[in-house]
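# Residue-level structural notes
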Amino acid sequence: MSRVFNFSAGPAMLPTAVLEQAQAEILDWQGTGVSVMEMSHRGKEFMSIAEQAQADLRELLNIPNNYKILFLQGGASTQFGMVPVNLLGNRQQADYFNTGIWSKKAIAEAKKFCKVNIVSSSEDNKFTTIAKADEWQLDPNAAYVHYTPNETINGLKFHGIPKVGDKPLVADMSSIILSQPFDISKFGLIYAGAQKNIGPAGVTIVIVREDLIGEAMPKIPTMATYQAHAKADSMYNTPPTYAWYLAGLVFKWLKELGGVEAMTERNKRKAELLYSTIDDNDFYNNPVVRKYRSKMNVPFTLANSDLNKTFLEEAKETGLVTLAGHRSVGGMRASIYNAMPEEGVQALVNFMGDFASRKG
Ligand SMILES: *Cc1c(COP(=O)(O)O)cnc(C)c1O
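Thresholds applied
Residues numbered from 1 in each chain as written. Predicted model: local features only at pLDDT ≥ 70, side-chain atom pairs only at ≥ 80, totals over all residues. Heavy atoms only, no water. Pairing = 2+ DSSP bridges. Helix = DSSP H or I, 4+ residues; strand = E, 2+ residues; numbered from the N terminus. Contact = heavy atoms within 4.5 Å. Axes fitted to C-alpha atoms, helices over the stretch in contact; angles between N-to-C directions. Domains from an automatic or database assignment. Buried area = accessible area lost by both parts, 1.4 Å probe. Salt bridge = Lys/Arg side-chain N within 4 Å of Asp/Glu carboxyl O. Nonpolar A, V, L, I, M, F, W, Y, C, P; charged D, E, K, R; others polar. Near = heavy atom within 4 Å. Polar contact = N/O pair within 3.5 Å; in protein donor to acceptor, adjacent residues only side chain to side chain. Buried < 20%, exposed > 50% of the residue type's maximum accessible area, 1.4 Å probe, protein only. Arc of directions from axis to C-beta. Core = buried A, V, L, I, M, F, W, Y, C linked by side-chain atoms within 4.5 Å.

Our next topic: the sheet that holds strand 11 (residues 284-285). Pairing within the open sheet is antiparallel, and its 3 strands lie in the order 11-12-14. Looking at strand neighbours, the two that pair on one side only are strand 11 and strand 14 (332-335), the edges of this open sheet. Where helix 7 (residues 259-279) meets the sheet, it contacts strand 11, strand 12 (297-302) and strand 14, and its direction lies at approximately 20° from that of strand 12.

Right under this line is the structure:
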């Protein structure tokens, strides 16, 4: 059996070393005679797994002590609704940046609970650039400011953390968490579904400043409040134990490789190699303004879209899979999260060069 290079946007490829360790431990976790899947979430074995994963994530992201880390279910999409119902407090409006398809989904959900002020929209330029700070329109009455640092579908990334004054800054980091350093103290709340850059689908990480917990709307389900999860250390009900364990293995793997700093360098090399291949060859195009290009998700089109199907078929034969762009954007997209090795990107650019010279 041979593994392929999987460029899926999510669920994305996981490090082989992590899958091998999970395989080795699947029937009998460290002499307990049971699989992690079969353990009580309140037993000391799983508690040690849970605590270690949490401590490793805190170390990797340098998360200050006044922030809670929650391991929840429901994906990033559930957070689109949990953020407003927990953070609005007695305010009726919130600020949102509209920089792509995920921003739009977050905005649509927030609109059920409050008035949404659009700070800046990239819709007119088809999500290929982000307005400069002096053009942003922040609402002084907003309860918080929400943005999507990396738009997974459009391949659009913020340059730096937006300065929004003393309002809590909320970020959907689903496709950028752990790929580069962030100063967590600049945020009120961060959330991320795991299946891009953390682990398998099923667990969602929320990092929330403690003083923002406890202001949830009164008539919402307990499960939708950060308070219930924070008070119970993410064990208010049965957490996604196996996904939590796998995320922990990924954190350990990251630490062994040198942490987020080492990943940042590696991700930079991968992205530069891929974008330079696209830019240097007329056969390929990426429309995003350079400064705002994502280092995780690289959409690109072929000069002749009639060749899309052939491109995907030949790529697959070469062991390069899931390169089709999102159905709403078309073309191709290569997602190159932490687990994608440099050899994977090298193999892709070799194939792209070869394909263009034969068909271009
Ligand atoms: C994938 C993704 C989502 C949706 O995540 P789910 O876990 O499937 O709900 C939301 N936001 C961003 C930025 C994403 O990349």
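The discussion continues.
We now examine the domain arrangement of the protein chain. In many reports, interface size means the accessible area that the parts give up when they come together. Assigned domains within the protein chain: domain 1 (17-256) and domain 2 (260-359). Computed from C-alpha atoms alone, the centre-to-centre distance between domain 1 and domain 2 is 27 Å. Interface area, domain 1 with domain 2, both sides summed: about 2100 Å², of which 60% is carbon and sulfur. Taken together, the connections running from domain 1 to domain 2 amount to 0 salt bridges. Looking at the side of domain 1 that touches domain 2, the elements that each hand over two or more residues are helix 2 (44-61), strand 7 (156-157) and helix 6 (241-256). Taken together, the residues of the side of domain 1 that touches domain 2 sort by class into 12 nonpolar, 11 polar and 2 charged.

Let's shift gears to the site of the ligand. As a matter of local geometry, the ligand sits amid 13 residues, with Ser77, Thr152, Asp172, Gln195 and Lys196 nearest to it. Contacts to the ligand include alanine 76, whose backbone N or O atom sits 3.1 Å from an oxygen atom. At 2.6 Å from a nitrogen atom of the ligand is found a side-chain nitrogen or oxygen belonging to aspartate 172. Per-element tally for the shell around the ligand: the top contributor is helix 3 (residues 75-87), with 4 residues. The residue inventory of the shell around the ligand, partitioned by class, reads 3 nonpolar, 8 polar and 2 charged.

Every buried residue of helix 4 (residues 101-110) is accounted for by Ser103, Ala106, Ile107 and Ala110. On an axial view of helix 4, the arc spanned by its buried residues comes to 100°, and they lie on one face. Along its buried surface, helix 4 packs onto helix 3, strand 3 (93-98), strand 4 (115-121), strand 5 (145-147), strand 6 (150-151) and strand 9 (189-193).

Ranked by internal contacts, the top residues of the largest apolar core, which has 59 residues, are Leu61, Leu178, Ile198, Ile207, Tyr245 and Phe251. Looking at this core, the element that brings in the most residues is helix 6, giving 11 residues. Each of two domains, domain 1 (17-256) and domain 2 (260-359), supplies a minimum of three residues to this core. The contact partners of leucine 178, leaving out residues within four places of it in the chain, are Leu57, Leu60, Leu61, Asn197, Ile198, Phe251, Leu254, Val260, Met263 and Asn338.

Here we come to the environment of glycine 160. Along the chain, the position of glycine 160 falls in the loop between strand 7 and strand 8 (169-172). Classification of glycine 160 by relative accessible area gives partly exposed; the value is 46%. Each C-alpha atom of the pair glycine 160 and phenylalanine 182 lies 8.9 Å from the other, and the pair is 22 residues apart in sequence.

Next up on the list: the sheet that holds strand 3. On the basis of which strands lie adjacent, the open sheet formed by 7 strands has the order 2-10-9-8-5-3-4 and mixed pairing. Only two strands of the sheet have a single neighbouring strand rather than two, namely strand 2 (67-72) and strand 4. When the angles between neighbouring strand axes are averaged without regard to direction, this sheet yields 20°. Where strand 3 and strand 4 come together, 6 bridges link them in parallel fashion. Of the residues in strand 4, the one forming a bridge with glutamine 93 is lysine 115. Helix 2 rests against strand 2 and strand 10 (204-209) of the sheet, and its axis sits at about 125° to strand 2. Those strands touched by helix 3 are strand 2, strand 3, strand 8, strand 9 and strand 10, and its axis lies near 160° from that of strand 9.

On to the pattern of salt bridges. Scanning all chains against the criterion turns up 14 salt bridges. Put simply, glutamate 123 and lysine 104 hold a salt bridge, and the shortest N to O gap is 2.6 Å. Residue glutamate 123 is found in the loop between strand 4 and strand 5, and its partner lysine 104 is found in helix 4; the two are separated by 19 residues along the sequence. Its relative accessible area of 36% is what places glutamate 123 among the partly exposed residues. Between arginine 293 and aspartate 279 there is a salt bridge, with its nearest N and O atoms 2.9 Å apart.

Attention now goes to unusual backbone geometry. Of note, the bond from glycine 10 into proline 11 is cis; its omega dihedral lies within 30 degrees of zero at -5°. Mapping proline 11 onto the fold places it in the loop between strand 1 (5-6) and helix 1 (16-25). Here lysine 126, not a glycine, exhibits a phi torsion of approximately 55°, which is positive. Relative to the helices and strands, lysine 126 resides in the loop between strand 4 and strand 5. For serine 234, which is not glycine, the phi torsion reads 65° and is therefore positive. Inspection of the secondary structure puts serine 234 in the loop between helix 5 (226-231) and helix 6. The buried category is assigned to serine 234, whose relative accessible area is 2%.

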